[in-house]
Amino acid sequence: MKHVRKPIALLLALVLAVSLLCLSVLAADTVPARYACYRVYTCLGDSNAAGYAAEGYQDQPCTVTPGAYHSMVAGDLGAKLNARGWGGFRSHEMRHLLDPDWEITDWEYADNCAGYVQYNDLESRRDIYIQAVEEAELITVNIGSNDILGNPLGQAMREMYNTDGVDKAVLDAIKAELQKTGDFGTALLKLIGYAESIGQGTKLLVSLAHYMNIAYQQFTENWDAIVKNIYRLNPDVTLVAVGMHNAFANTSLTVGSVIKTGKLLQPIMDKMNAWMKTGSAYAGQYIYCDVPDVECGELAFTQDDFWTAYLPAVHPTAAGHRYIADRILSVLPDTALSFEDVPEGAWYYMDVAACYYRGLMVGVTDTRFAPNMPVDRAMVAAIVHRIAGEPAAAGTDMPFRDVPADAYYAQSVLWAYHAGVVSGCSADAFCPAQAISRQDLTAILYRYACLTGIAGAAQSDDAFGGFTDAAAVSDYARAALAWAVENGILYGKDGNLLDPQGTATRAECAALLWRFVSQYSLA
């Protein structure tokens, strides 16, 4: 322990130097209505977003952690969760996955990080990362902590290797531990202690301060590219930038000390947060969420288990994750529906909201949705056409005499007919205004699922086992209903009824549509 005080003093000097640089350069049925449009939530970020050391944490990227803020936010929203937190991530790795024209050129950080941030690790998960961004209604981004510590440490260590009089075996041991644990804080303190012991402490501090400032500049460039590419992939998403918190705020020199030396790191955190809040070219397009009071563990440089206690202590506690979740929820815009006939608490409320905010269904007026009104065949053709992205029809001949060329649904019916998704009510009639049955609505969705390859033609009747009116399902619709029941898209009614011949209401249509598109990430 004889070298502890000098490394600490040097660390505080480094912090002050950096400061000067900163000056110069729920269950778905209990979800509140105001969260109606946030049906798919994607959480991007580093180990804080991944839930490091929280309940249920697994040492694998892009994994749900039950005790992390991402699970709390998703639960309170009643939303599907795409957990894309990644331990060891900097803005570099996130940009690499999101920006098709940008590559990481220096992989030294990956060599020094115990996390899964090598090239092959990133490439193996790129597709699920991009998909999670594309399908989200809400994205939170929490990144930056590793930028300030990881790169500067690697660069400064490289300079130390080239310094006369160093024992490279000592540096090799520090680097080996860093590669094994990914513990940058521990490696930094050990490096400072060794540098001071050979009279190179001042030189190391100058180096670290210089590289930290470079890291900040790189972060600002990466941040803007990250935001740009999120909006490129998903122009209409609600994007929340979660500010950085000072993970060292509770770090002191000695156990029980009221003097928290880690708070001296706050200026550089403030500088990075200021960029996200107001400095970025995209500031104002996304929502900035400040999280200054995240609870982390207590840590003292002199405690006996410092080296093993470090990583858990610099990550949020359970209360810290709850605080972050609450802060995110507090900044979300109110998206309650304006339809007078869709009351909060109605069984179909969130389904209607999901379809409305995706542009799949609209109201019959600005203030009425008409949930109990039958859905007609023209409306269903138009909705499925929207789900498909409104492609052009494979043919130009319209076989139905009752579909006017200027009707809002004409191109949808034309596309759906030539794609094999719909057929007529007779050889030359489509019957666009005819109310559609539950089985016909399901059959159309099933045909589209088959067209896109997400459903197969062979389906088992076993799914009908619990329904008393299974015999009422028409032969042409049996495979469709079996598929829909098996995959949780079509539910029965009271009395164990499928009611296949019954008319589908707009509320029922919204429910089926939302289950369908969310199940297969179609909209």
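First, a word on what this report is: a plain description of the structure on this page. Keep in mind the model is a prediction, meaning the values are calculated, not measured.

### Overview of the overall build of the chain
Stage number 1. The helix and strand tally for the chain stands at 19 helices and 7 strands.
Stage number 2. Here the chain holds 523 residues, and the buried ones make up 55% of them.
Stage number 3. When the accessible surface of the chain is split by element, carbon and sulfur atoms take 52% of a total near 22,000 Å².

### Some words on the packing of aromatic side chains
Stage number 1. A full pass over the atoms with the stated rule returns 19 aromatic pairs.
Stage number 2. Ring geometry for Phe-89 versus Tyr-129: centroids 6.3 Å apart, planes at 50°, classification tilted. Here Phe-89 is found in the loop between β2 (80-85) and α4 (91-98), whereas its partner Tyr-129 is found in helix α6 (residues 119-134), with 40 residues between them in sequence.
Stage number 3. For Phe-89, a relative accessible area of 0% translates into the label buried.
Stage number 4. Residue class for Tyr-129 comes out buried when judged on its relative accessible area of 0%.
Stage number 5. Here Trp-223 and Tyr-286 contribute two aromatic rings whose centre-to-centre distance is 5.8 Å and whose plane-to-plane angle is 85°, an arrangement assigned as edge-to-face. Of this pair, Trp-223 sits in helix α10 (residues 201-233) while Tyr-286 sits in the loop between α11 (266-279) and β6 (287-289); the two residues are 63 residues apart in sequence, bridging distant segments of the chain.

### Quick word on α6
Stage number 1. Between its first and last C-alpha atoms α6 spans 22 Å; for 16 residues at 1.5 Å apiece the expected length is 22 Å, and the two agree.
Stage number 2. Maximum bend of α6: about 50°, positioned at Arg-126.
Stage number 3. Every buried residue of α6 is listed here: Asp-121, Leu-122, Arg-125, Arg-126, Tyr-129, Ile-130, Ala-132 and Val-133.
Stage number 4. For α6, the secondary structure elements touched by its buried residues are β1 (40-45), β2, α4, β3 (138-142) and α10.

### Considering the sheet that holds β3
Stage number 1. Strand order across the open sheet formed by 5 strands is β2-β1-β3-β4-β6, with parallel pairing between neighbours. Each edge of the open sheet is held by one strand with a lone partner, namely β2 and β6. Recorded for the sheet is a direction-independent mean angle of 20° between the axes of neighbouring strands.
Stage number 2. Both β1 and β2 contribute to a ladder of 6 bridges, which runs parallel. Residue pairing for β2: Leu-44 is matched across the bridge by Arg-84.
Stage number 3. Against the sheet, α6 makes contact with β1, β2 and β3, and its axis sits at roughly 130° relative to β1, the strand it touches most.

### Points about the packing of helix α14 (residues 349-357) against helix α19 (residues 506-519)
Stage number 1. Between α14 and α19, the least distance of the axes is 8 Å, while the angle of their chain directions is 70°. Classified by the interaxial angle, the pair formed by α14 and α19 is roughly perpendicular. Crossing angle aside, the handedness with which α14 passes α19 is left-handed. Every residue of α19 that contacts α14 at Asp-351, Val-352, Ala-354 and Cys-355 is listed here: Ala-510, Ala-511, Leu-513 and Trp-514.
Stage number 2. In the contact of α14 with α19, the residues fall into 7 nonpolar, no polar and 1 charged.

### A few points about the side chain of Arg-377
Stage number 1. Within the fold, Arg-377 resides in helix α15 (residues 377-387).
Stage number 2. As a buried residue without a salt bridge, Arg-377 has its nearest oppositely charged side chain in Asp-440, at a separation of 4.7 Å.

### Details of unusual backbone geometry
Stage number 1. With a phi angle near 60°, Ala-370 is a residue other than glycine that sits in the positive phi range.
Stage number 2. Structurally, Ala-370 can be placed in the loop between α14 and α15.
Stage number 3. Residue class for Ala-370 comes out buried when judged on its relative accessible area of 5%.
Stage number 4. Of note, Cys-431 is a non-glycine position whose phi angle comes to about 55°, a positive value.
Stage number 5. Position of Cys-431 among the secondary structure elements: in the loop between α16 (410-418) and α17 (438-451).
Stage number 6. Assessed through its relative accessible area of 21%, Cys-431 is described here as partly exposed.

The rules we used
Residues numbered from 1 in each chain as written. Predicted model: local features only at pLDDT ≥ 70, side-chain atom pairs only at ≥ 80, totals over all residues. Heavy atoms only, no water. Helix = DSSP H or I, 4+ residues; strand = E, 2+ residues; numbered from the N terminus. Buried < 20%, exposed > 50% of the residue type's maximum accessible area, 1.4 Å probe, protein only. Areas by Shrake-Rupley, 256 points an atom, 1.4 Å probe, with all protein chains shown as cover. Phe/Tyr/Trp six-rings, centres within 6.5 Å; stacked < 30°, edge-to-face > 60°. Expected span 1.5 Å × (residues − 1). Bend = angle between axes of the 7 residues up to and from the residue. Contact = heavy atoms within 4.5 Å. Pairing = 2+ DSSP bridges. Axes fitted to C-alpha atoms, helices over the stretch in contact; angles between N-to-C directions. Parallel < 35°, antiparallel > 145°, perpendicular 65-115°, else oblique. Left-handed = near helix turned anticlockwise from the far one by under 90°. Nonpolar A, V, L, I, M, F, W, Y, C, P; charged D, E, K, R; others polar. Lys, Arg positive; Asp, Glu negative; His and termini not counted. Salt bridge = Lys/Arg side-chain N within 4 Å of Asp/Glu carboxyl O.

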